[in-house]
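Topology and contacts: notes
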Amino acid sequence: AQSVAQPEDQVNVAEGNPLTVKCTYSVSGNPYLFWYVQYPNRGLQFLLKYITGDNLVKGSYGFEAEFNKSQTSFHLKKPSALVSDSALYFCAVRDRDGQNFVFGPGTRLSVLP
Amino acid sequence: DSGVTQTPKHLITATGQRVTLRCSPRSGDLSVYWYQQSLDQGLQFLIQYYNGEERAKGNILERFSAQQFPDLHSELNLSSLELGDSALYFCASSVRSGMSYNEQFFGPGTRLTVL
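All values derive from a computational prediction rather than experimental measurement.

**With respect to the overall build of chain B**
Along chain B, the regular secondary structure elements total zero helices and 11 strands. Its helices and strands taken in sequence order, chain B reads β-β-β-β-β-β-β-β-β-β-β from the N to the C terminus. Judged by the C-alpha coordinates and their principal axes, chain B covers about 40 × 25 × 25 Å. The buried share among the 115 residues of chain B stands at 52%. Contacts spanning at least 24 positions in sequence make up 55% of the contacts within chain B whose residues lie at least 6 apart. A total of about 5500 Å² of accessible surface is found on chain B, and carbon and sulfur atoms cover 48% of it.

**Digging into the packing of aromatic side chains**
As enumerated under the stated definition, the model contains 19 aromatic pairs over all chains in all. Pairing F63 of chain A with Y89 of chain A gives two aromatic rings, centres 5.6 Å apart and planes at 45°, and the pair type is tilted. Placement of F63 of chain A in the loop between β7 (56-58) and β8 (64-68) and of Y89 of chain A in strand β10 (residues 87-95) is noted, with a sequence separation of 26 residues between them. Y89 of chain A carries the same exposure label as F63 of chain A, and that label is buried. Through pairs of rings, three or more aromatic residues link up here, namely F34, Y36, F46, F90, F101 and F103 of chain A together with Y33, Y35, F45, F90 and F106 of chain B. The ring of F105 of chain B carries the charged tip of R26 of chain B above its face, separated from the ring centre by 3.7 Å.

**Focus on the interface of chain B and chain A**
With 19 residues of chain B at the contact, the number on the chain A side is 19 residues. Buried area between chain B and chain A, summed over both chains or domains, comes out near 1600 Å², and the portion from carbon and sulfur atoms is 53%. Between the two partners, chain B and chain A, sit one salt bridge. A salt bridge links E103 of chain B to K49 of chain A, with the shortest nitrogen-to-oxygen separation between them at 2.6 Å. Taken together, chain B and chain A are joined by five residue pairs in polar contact (both at pLDDT 80 or more). Put simply, the parts of the chain that give the side of chain B that touches chain A at least two residues each are β4 (31-38), β5 (42-50), β6 (53-57) and β10 (104-106) of chain B. Taken together, the residues that form the side of chain B that touches chain A break down as nine nonpolar, seven polar and three charged.

What counts, and where the lines are drawn
Residues numbered from 1 in each chain as written. Chains lettered and ligands numbered in written order. Predicted model: local features only at pLDDT ≥ 70, side-chain atom pairs only at ≥ 80, totals over all residues. Heavy atoms only, no water. Helix = DSSP H or I, 4+ residues; strand = E, 2+ residues; numbered from the N terminus. Buried < 20%, exposed > 50% of the residue type's maximum accessible area, 1.4 Å probe, protein only. Contact = heavy atoms within 4.5 Å. Areas by Shrake-Rupley, 256 points an atom, 1.4 Å probe, with all protein chains shown as cover. Phe/Tyr/Trp six-rings, centres within 6.5 Å; stacked < 30°, edge-to-face > 60°. Lys NZ or Arg CZ within 6 Å of the ring centre and 35° of its normal. Buried area = accessible area lost by both parts, 1.4 Å probe. Salt bridge = Lys/Arg side-chain N within 4 Å of Asp/Glu carboxyl O. Polar contact = N/O pair within 3.5 Å; in protein donor to acceptor, adjacent residues only side chain to side chain. Nonpolar A, V, L, I, M, F, W, Y, C, P; charged D, E, K, R; others polar.

This is how it looks when you write it as structure tokens:
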């Protein structure tokens, strides 16, 4: 069965510093991997995805993520955090049969001014 | 604004009742997904429809059912409601091809409270 772990419930970072939100996954075969962000009282917004090819994926708002097959990880990164990046971040995985779509528990990012 | 609309925004009902949540996907999107978000269970994928047909099924209870109509809007029906069904229900849609690697666009959600 597929699963996604986000080992940190909360990540705090100072504005201007680099940020990393961690994600590891378990799926049979090669995965499709996604990052979404949820602002308060809003639906989720797509940030980026990995399908195949280059392990470094660039997405919206300056975010990027690195797919590491050997470590089964897909960590979200940004070189310089903004206060407006404060939100709930979800990692998600879908297997290539497309029969299920599993989200991680979410990581709350707080960027402090 | 994602282009996905959901109604109603809030719904308060009693245990044992039945409710219907409605979703209109983005113009041209053929796939619709339903999710349940609660504090204890997180975000759970319930079901996906593609062009009127069920495409994938997640952790959807037998008391819940969904359908997608010819105009591509979708409804999620929740019956014999229990207190634990109180949650935020999201609908999402994705682009035409229905491939499982397509990103999804989420609606604002319907907050269901079961008393």
